Amino acid sequence: MTQVSNPASDRYTHPLSARYVSSEMERIFAPAFRFGTWRRLWLALAEAQRDAGLGVPERAIDEMRAALDDIDLDAAARYERRFRHDVMAHIHLFGDAAPAARGILHLGATSAFVGDNTDLIQHREAMTIVRDRVVATIRGLAGFAAEYRALPTLAYTHFQPAQPTTVGKRATLWIQDLLLDLEEIEHRLANLKLRGVRGTTGTQASFLQLLGGDHARVDALEQDVCHRLGFDECYPVTGQTYPRKVDQAFLATLAGVAASASRMAHDIRLLSHLRELEEPFEQDQVGSSAMPYKRNPMRSERICAVARHVIALAADPAHTAATQWLERTLDDSANKRLAIPDAYMATDAILVLAENVASGLRVNAGVVAANLAVHLPFMAMESVLMGTAAGGGDRQDTHERIRRHTLAAARRLTEGEDGDLFARIAADESLGVSAEELEELARPEKLVGRAPVQVDAFLATHVAPVLEEHSEVRTRGEVRV
């Protein structure tokens, strides 16, 4: 067995924390944020109960407020080993820090009051970071698309040569995916609600008893707590927990972001193989320990790898939402602790990389032109077909003639010989097109259709308003390894 000098190195470290996630996102799922939010929920409940006339001492409020972030996690662990219950452990710990509040802490509440409401607050805070990183990635890609709006490049379908497009137009496809994600993110955030003050099975029976059977006072108490936590409203009905459909929806949105980023990264990896595009590569970066000449697209590869994890995680809350067992079952708790933080932290890691790549893409214009030039004669054949048909020729006969000529010319290329497609077409008198006319038809800028205009219109109409709306977003995460 390996002996280690540092005992800490004998403990498993989560790769997301050790290598990938930003400090901003990790903070939201760290103990200080979670248990600090629990205390803020208890404070909000006590303040609302005081205002509702339940006789909560002002000293209790003052002591709670002073101890919000004074959390001894070692003492909490000792309490939890004793009680085998995390919420009760922290109730006692908070009572130690705010003794005047000990008798009213958690009054009328169940564990889901702090646990579930904190989960929803974490959704809000974490998804806001995801939203900002998506915007930052769109901003980087928009600049790239504008710069290369008119640079002709060979387009592919089935990764086989097709009609030309432009480098900028291809980037708009990546942007559009992210815009769809952004629209969904904003919908999720706009419709997120708090669980509220519901008691053990969602009936609010405990609060109704505390407030003398006055239903209006119970509603007012819940609305007060809701507003204190920065929410406009609560879910209208719950069991013990908030609807687990919320987790399912939010992680499905994260999976969509991961899919968009992965699609872009896969394209960049293919274009890197063709040497047309390069992601950022640092001066001392090593591509291979054995092959010094390698320049692997490691950022894009990592995006694809981590995206798989996010997409797979989306299944977890779907299974949880499907198996709630009446008012709730506890088999969701351990799964949520794993799936939800992982999904957010992995998405954060993806978007830190995506923004970095989008803002630093390099186009090898000479290679782009050379790769296109090999296939340009073939690209011009649709124009020959259209021209012959417009001049009264038989479209089907012309198609067959061109098909035979192109296959023969392509065979020469696969055998290492020069292509002779234009010579074949010009020599076919039935097609009625000269070598000079073919050269004119094969000019790259004539074959990209409306691509440059489409880029301009898309950026002006669909991208610029979004970037203006989020003009304050200037996030840039650090690529750690």
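Structure: above.
Quick caveat, the model's predicted, so the values are computed rather than measured.

Asker: Any chance you could break down unusual backbone geometry for me, citing the residues and the numbers?
Answerer: Positive phi values are uncommon outside glycine, yet H106 reaches one of about 70°. With respect to the element layout, H106 can be found in the loop between α6 (86-97) and α7 (111-147). Non-glycine residue L326 carries a positive phi angle of around 60°.

Asker: Got a sec to walk through helix α17 (residues 395-414)? Specific residues and values, please.
Answerer: Here α17 is 20 residues long and its end C-alpha atoms lie 28 Å apart, about the 28 Å a rise of 1.5 Å per residue gives. Residues of α17 that are buried include every one of T398, I402, H405, T406, A408 and A409, and no others. Around the axis of α17, the buried residues are gathered within 160° of arc, so they sit on the same side. Exposed residues pointing more than 90 degrees away from the buried face of α17 are listed as Q396, R404 and T414. Contact partners of the buried residues in α17: α15 (365-379), α16 (381-390) and α18 (421-427). The backbone nitrogen of Q396 lies 2.9 Å from a side-chain oxygen of the residue at the head of α17, namely D394. Residue G416 follows α17 closely and has a positive phi angle near 85°.

Asker: Explain the pattern of salt bridges to me, and be specific about the residues and the numbers.
Answerer: Taken as a whole, this structure holds 37 salt bridges when the rule is applied. The partner of R244 in a salt bridge is D332, with the nearest N and O atoms 2.8 Å apart. Taken together, the residues span a long stretch of sequence, with R244 in the loop between α10 (215-228) and α11 (245-273) and D332 in the loop between α13 (315-322) and α14 (333-360) at a distance of 88 residues. Judged by relative accessible area, D332 falls into the buried class, the value being 0%. In this structure, E278 and R362 form a salt bridge, with 3.8 Å as the shortest nitrogen-oxygen distance. Pair noted here: E278 is in strand β5 (residues 277-278) and R362 is in strand β6 (residues 362-363), with a separation of 84 residues, a long-range link. We classify E278 as buried; its relative accessible area is 18%. For R362, a relative accessible area of 46% gives the class partly exposed.

Asker: Just give me the short version of the environment of L353, but keep the residues and values in it.
Answerer: Relative to the assigned elements, L353 resides in helix α14. What makes L353 buried here is its relative accessible area of 4%. Distance from L353 to G103, taken between C-alpha atoms, is 49 Å for residues 250 residues apart in sequence.

The rules behind these values
- Residues numbered from 1 in each chain as written.
- Predicted model: local features only at pLDDT ≥ 70, side-chain atom pairs only at ≥ 80, totals over all residues.
- Heavy atoms only, no water.
- Helix = DSSP H or I, 4+ residues; strand = E, 2+ residues; numbered from the N terminus.
- Expected span 1.5 Å × (residues − 1).
- Buried < 20%, exposed > 50% of the residue type's maximum accessible area, 1.4 Å probe, protein only.
- Arc of directions from axis to C-beta.
- Contact = heavy atoms within 4.5 Å.
- Polar contact = N/O pair within 3.5 Å; in protein donor to acceptor, adjacent residues only side chain to side chain.
- Salt bridge = Lys/Arg side-chain N within 4 Å of Asp/Glu carboxyl O.

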